[in-house]
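Residues per chain are reported as follows:
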Amino acid sequence: MRTGFAPETLTGGRRAVLAHVDFTGTPRVGRYGVDLGVMERLALPPLRAAATEPVPGTLVLIDELGRMELACTAFQDTVRRLFETEIDIVATVHAKSAPFTDALKRRAGVELVQVTRANRDALPETLAARWESP
């Protein structure tokens, strides 16, 4: 039984509990209380750096743009700025309609790839091949 969610950075392997059934207060997503401070301390520093000083050829991975993460307004602002740069972004996005993610999905140059049981195991290799070829 799932009791919480803990994001981890790709660089440095830092990890913290973002949401848990035992967290009280707001915001709440379903049965989980969300600690927005984790987004500020863990997720935002590398994303802000990439948005502030974009380096051509940089690839930013975001897993995910979901309700818990998007409860953090600073995260939304940073992601919006990232999408305004020329760097490549691969992000998982919840399928449900929401104003913020719907706007990102409609941006020029955005390609949506639906993850299914049939393609999910091959997707990492398929996507990686896009950046490996000249």
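Up top is the structure.
Residues numbered from 1 in each chain as written. Predicted model: local features only at pLDDT ≥ 70, side-chain atom pairs only at ≥ 80, totals over all residues. Heavy atoms only, no water.

1. Considerations on the overall build of the chain
- Scanning the chain for helices and strands turns up five helices and six strands.
- Sequence-ordered secondary structure for the chain, helices as α and strands as β, is β-β-β-β-α-β-α-α-β-α-α.
- Across its three principal directions, the C-alpha atoms of the chain cover 50 × 40 × 30 Å.
- In the chain, buried positions account for 28% of the 134 residues.
- Within the chain, contacts between residues at least 6 apart in sequence are counted, and of these 54% link residues at least 24 apart. (Helix = DSSP H or I, 4+ residues; strand = E, 2+ residues; numbered from the N terminus. Buried < 20%, exposed > 50% of the residue type's maximum accessible area, 1.4 Å probe, protein only. Contact = heavy atoms within 4.5 Å.)

2. Some details on the pattern of salt bridges
- In the structure shown here, the tally under the stated rule is four salt bridges.
- The salt bridge involving Asp 77 is made with Arg 80; its shortest N-O contact spans 3.1 Å. Residue Asp 77 and its partner Arg 80 are located together in helix 3 (residues 73-83), separated by three residues, close to a single helical turn.
- Of the residues examined, Arg 80 reaches a relative accessible area of 34% and is grouped as partly exposed. (Salt bridge = Lys/Arg side-chain N within 4 Å of Asp/Glu carboxyl O.)

3. Overview of the side chain of Thr 9
- In this structure, Thr 9 sits in the loop between strand 1 (4-5) and strand 2 (19-20).
- Residue class for Thr 9 comes out buried when judged on its relative accessible area of 15%.
- Here Gly 13 takes part through its backbone nitrogen, which lies 3.3 Å from a polar atom of the side chain of Thr 9.
- In this structure Thr 9 touches Arg 14 and Leu 42, once residues within four positions along its chain are discounted. (Polar contact = N/O pair within 3.5 Å; in protein donor to acceptor, adjacent residues only side chain to side chain.)

4. Describing the nonpolar core
- Judged by nonpolar contacts, the single largest core of 26 residues is most densely connected at Ile 62, Phe 75, Val 79 and Leu 82.
- At the level of secondary structure, the elements contributing two or more residues to this core comprise strand 4 (32-34), helix 1 (36-52), strand 5 (59-65), helix 2 (67-70), helix 3 and helix 4 (99-106).
- It is helix 1 that contributes the most residues to this core, seven residues altogether.
- Not counting chain neighbours up to four residues away, the residues in contact with Leu 82 comprise Leu 47, Ala 50, Ala 51, Val 60, Ile 62, Ile 87 and Ile 89. (Core = buried A, V, L, I, M, F, W, Y, C linked by side-chain atoms within 4.5 Å.)

5. Quick notes on the packing of aromatic side chains
- In total, this model carries one aromatic pair according to the counting rule given.
- For the ring pair Phe 5 and Tyr 32, a centre distance of 5.0 Å and an interplane angle of 75° mean the geometry is edge-to-face. Placement of Phe 5 in strand 1 and of Tyr 32 in strand 4 is noted, with a sequence separation of 27 residues between them.
- We classify Phe 5 as partly exposed; its relative accessible area is 27%. (Phe/Tyr/Trp six-rings, centres within 6.5 Å; stacked < 30°, edge-to-face > 60°.)

6. Some thoughts on the sheet that holds strand 1
- Pairing is antiparallel across the open sheet formed by four strands, whose spatial order is 1-2-4-3. Each having just a single partner strand, strand 1 and strand 3 (28-29) make up the two edges of the open sheet.
- Pairing analysis gives two bridges linking strand 3 to strand 4, with the strands arranged antiparallel. Each residue of the ladder has a partner; that of Arg 28, found in strand 4, is Gly 33. (Pairing = 2+ DSSP bridges.)

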